[in-house]
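Report on the structure
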Amino acid sequence: MGQGAAKPRADRTAGSGAAPVKARPRLRKITAAEMGAIPDLAAAPRRPAGRGSKPKSVDDQTIYSSVYTAIVEHIILPGTKLPEDVLAKAFGVSRTRIRKVLQALAHENLVTLQHNRGASVTKPGVQEAREVFAARRIVETGIAAELARRITAAQLAELRRFVIREQEAEHARDRRGAINLAGEFHLELAKLLDNAPLTAFLRALISRTSLIIAVYESPASAMCSHAEHGILLDRLQAGDAAGAVSYMEEHLQRLEDSLDLAAARRRPVDLQDVFTRLAAGPKTGG
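The written sequence of each chain sets the order in which its residues are numbered from 1. At least 70 in pLDDT is required for a residue's local features to be given in this predicted model, at least 80 for side-chain atom pairs to be given and counted, and no such filter applies to totals for whole chains, interfaces and linings, which use all residues. As a convention, hydrogens and water are excluded, and side-chain values are obtained from all of the structure's heavy atoms.

Elements are defined by DSSP. Helices are runs of H or I of four residues or more, strands are runs of E of two residues or more, and each kind is numbered from the N terminus. From N to C terminus, the chain includes 10 helices and 2 strands. Contacts are assigned to residue pairs that have any heavy atoms within 4.5 Å of one another. Considering only intrachain contacts with a sequence separation of at least 6, the fraction spanning at least 24 residues in the chain is 74%. All accessible areas in this document rest on Shrake-Rupley with a 1.4 Å probe, and a residue is counted as covered only by the protein chains that are shown. Of the roughly 15,600 Å² that the chain leaves accessible, carbon and sulfur atoms contribute 52%.

Here it is in structure tokens:
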């Protein structure tokens, strides 16, 4: 951050009847294109001064989405501490609001809250890893069987466009983006069944899979391949329910087998450094 950049103030509540201090910087809301990075709130544009102008506050959903994305895309690894004061400073909000977001993430099993020890990114164990993959095989083979009976040409075309995006990310060696898109592909399959509880359950399993990959990924680990997704779509297009079920099971088993469940990655992370680097934005040129 440059010397001339303004520093965001955390929200302060009056403890003695004083009026709350208004934060001067204008905070911008994350767009869909920015989901892969924590927003640079400190460098956000200011609203021109004028009568009645008020700072635009970042909302809780934006904070939740930012931290969620940082976790599932491996910007912040499992085991990383999530101090409330660091996050409050990064987003320019109160610790009370950060605590609310961390509790929501804990409900998703992405954050672990410990009394007197604060919050940290959940670090799944080997048994949990195997259970998550077993659950995914049960759920997603059922999804594949149902889709083979009812998927439409328009839905298949949309999914094939999604696979092209995965291919582009892989060719660009954007591993983080490719992993994220691969998880979204599986979620898109569930969404086609118009079953909200099923979709929510699979979303939670996919998020936990991302944590598992972050902990147990080995140099030889395979990603959820766009080529394999294309083969699965071929089975669905042919209405081959048995073939789609078999291939989905093999596909998820290969992903599990590629992980090194005998050892966990250990890489200390400075959370403040992570937020500082992300705030600098993506590199250009090259």
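Here we take up helix α7 (residues 196-216). For a helix, the expected span equals 1.5 Å multiplied by the residue count minus one. Compared with an ideal rise of 1.5 Å per residue, which puts 21 residues at 30 Å, α7 spans 30 Å between its outermost C-alpha atoms and is within 8% of the ideal. Sitting at the head of α7, Asn-195 places a side-chain oxygen 3.0 Å from the backbone nitrogen of Leu-198. Under this definition, polar contacts are N or O atom pairs within 3.5 Å; protein pairs additionally need one hydrogen-donor-capable and one acceptor-capable atom, and for neighbouring residues in sequence, both atoms have to be side-chain atoms.

With that settled, the discussion passes to the confidence of the model for the chain. With 70% of its residues at a pLDDT of at least 70, the chain reaches an overall mean of 78. For every residue, the predictor reports its confidence as pLDDT, a number between 0 and 100. Confidence, read as mean pLDDT per element, is least for helix α10 (residues 271-279) in the chain (51) and greatest for helix α4 (residues 126-150) (96). Segment residues 1-55: pLDDT under 50, and 75 contacts once partners within four positions in sequence are set aside and those in other chains are kept.

Phi is positive for Asn-116, close to 65°, though the residue is something other than glycine. With respect to the helices, strands and loops of the structure, Asn-116 is situated in the loop between β1 (111-114) and β2 (118-121). Residue Asp-194 is not a glycine yet carries a positive backbone phi of 55°. Within the element layout of this structure, Asp-194 appears in the loop between α6 (175-191) and α7.

Judged by nonpolar contacts, the single largest core of 41 residues is most densely connected at Ile-143, Phe-185, Leu-189 and Leu-236. Elements with a minimum of two residues in this core: α4, α5 (153-171), α6, α7, α8 (226-237) and α9 (241-257). The leading source of residues in this core is α4, at 9 residues. Apart from the residues lying within four places of it in its own chain, the contact partners of Phe-185 are Leu-159, Phe-162, Val-163, Glu-166, His-229, Leu-232 and Leu-233. Residues Leu-105, Leu-110, Val-111 and Leu-211 belong to the second largest nonpolar core, which totals 25 residues. Put simply, a nonpolar core is a bunch of buried Ala, Val, Leu, Ile, Met, Phe, Trp, Tyr and Cys residues held in one set by side-chain atoms that sit within 4.5 Å of each other. Buried means the residue's accessible area, taken with a 1.4 Å probe over protein chains only, is under 20% of the maximum for its type, while exposed means over 50%, and partly exposed covers the values in between.

Looking now at the packing of aromatic side chains. To pair, rings of Phe, Tyr and Trp, with the six-membered ring standing in for Trp, must have centres within 6.5 Å; the planes then decide the type, stacked if under 30 degrees apart, edge-to-face if over 60, and tilted in the middle. Taken as a whole and judged by the stated rule, the model has 2 aromatic pairs. Centre to centre, the rings of Tyr-64 and Tyr-68 are 5.9 Å apart; their planes meet at 20°, and the pair counts as stacked. You can see Tyr-64 and its partner Tyr-68 sitting in helix α1 (residues 60-72), 4 residues apart, about one turn around the helix. Residues Tyr-64 and Tyr-68 agree in their burial class; the two are buried. Their ring planes at 50° and their centres at 6.4 Å tell us that Phe-162 and Phe-185 sit as a pair that is tilted. Of this pair, Phe-162 sits in helix α5 while Phe-185 sits in helix α6, placing them 23 residues apart in sequence.

This brings us to the environment of Glu-84. One can find Glu-84 in helix α2 (residues 84-91). A C-alpha to C-alpha distance of 6.2 Å links Glu-84 and Ile-98, two positions 14 residues apart in sequence. For Glu-84, the contacting residues outside a window of four places in its chain are Arg-95, Ile-98, Arg-99 and Leu-102.

Whenever Lys or Arg places a side-chain nitrogen within 4 Å of a carboxyl oxygen from Asp or Glu, that contact is recorded as a salt bridge. Considering all chains together, one arrives at 14 salt bridges under this definition. When the shortest N-O distance is used, the salt bridge between Glu-84 and Arg-99 registers 2.9 Å. Of this pair, Glu-84 sits in helix α2 while Arg-99 is found in helix α3 (residues 95-107), placing the two residues 15 residues apart along the sequence. Judged by its relative accessible area of 35%, Arg-99 is partly exposed. Its salt-bridge partner being Glu-188, residue Lys-191 comes within 3.3 Å of it at the nearest N-O pair. Of the two residues, Lys-191 and Glu-188 both sit in helix α6, 3 residues apart, roughly one turn of that helix. Taking the relative accessible area as the measure of exposure, Glu-188 reaches 23% and is therefore partly exposed. Here the salt bridges do not stand alone but share partners, grouping Asp-60, Arg-97 and Lys-100 into one network.

For Glu-166, the location among the structural elements is in helix α5. Counting along the chain gives 13 residues from Glu-166 to Ile-179, while the straight-line C-alpha distance between them is 8.6 Å. Leaving out residues up to four positions away in the same chain, Glu-166 has contacts with Leu-181, Ala-182, Phe-185, Cys-224, His-226 and His-229. Side chain to side chain, Glu-166 and His-229 meet in a polar contact 3.0 Å long.

Tracing the backbone through its elements, the reader meets Arg-137 in helix α4. Take Arg-137: its relative accessible area is 14%, and that puts it in the buried class. Residues in contact with Arg-137, not counting those within four places in the same chain, are Glu-249, Leu-252, Gln-253 and Glu-256.

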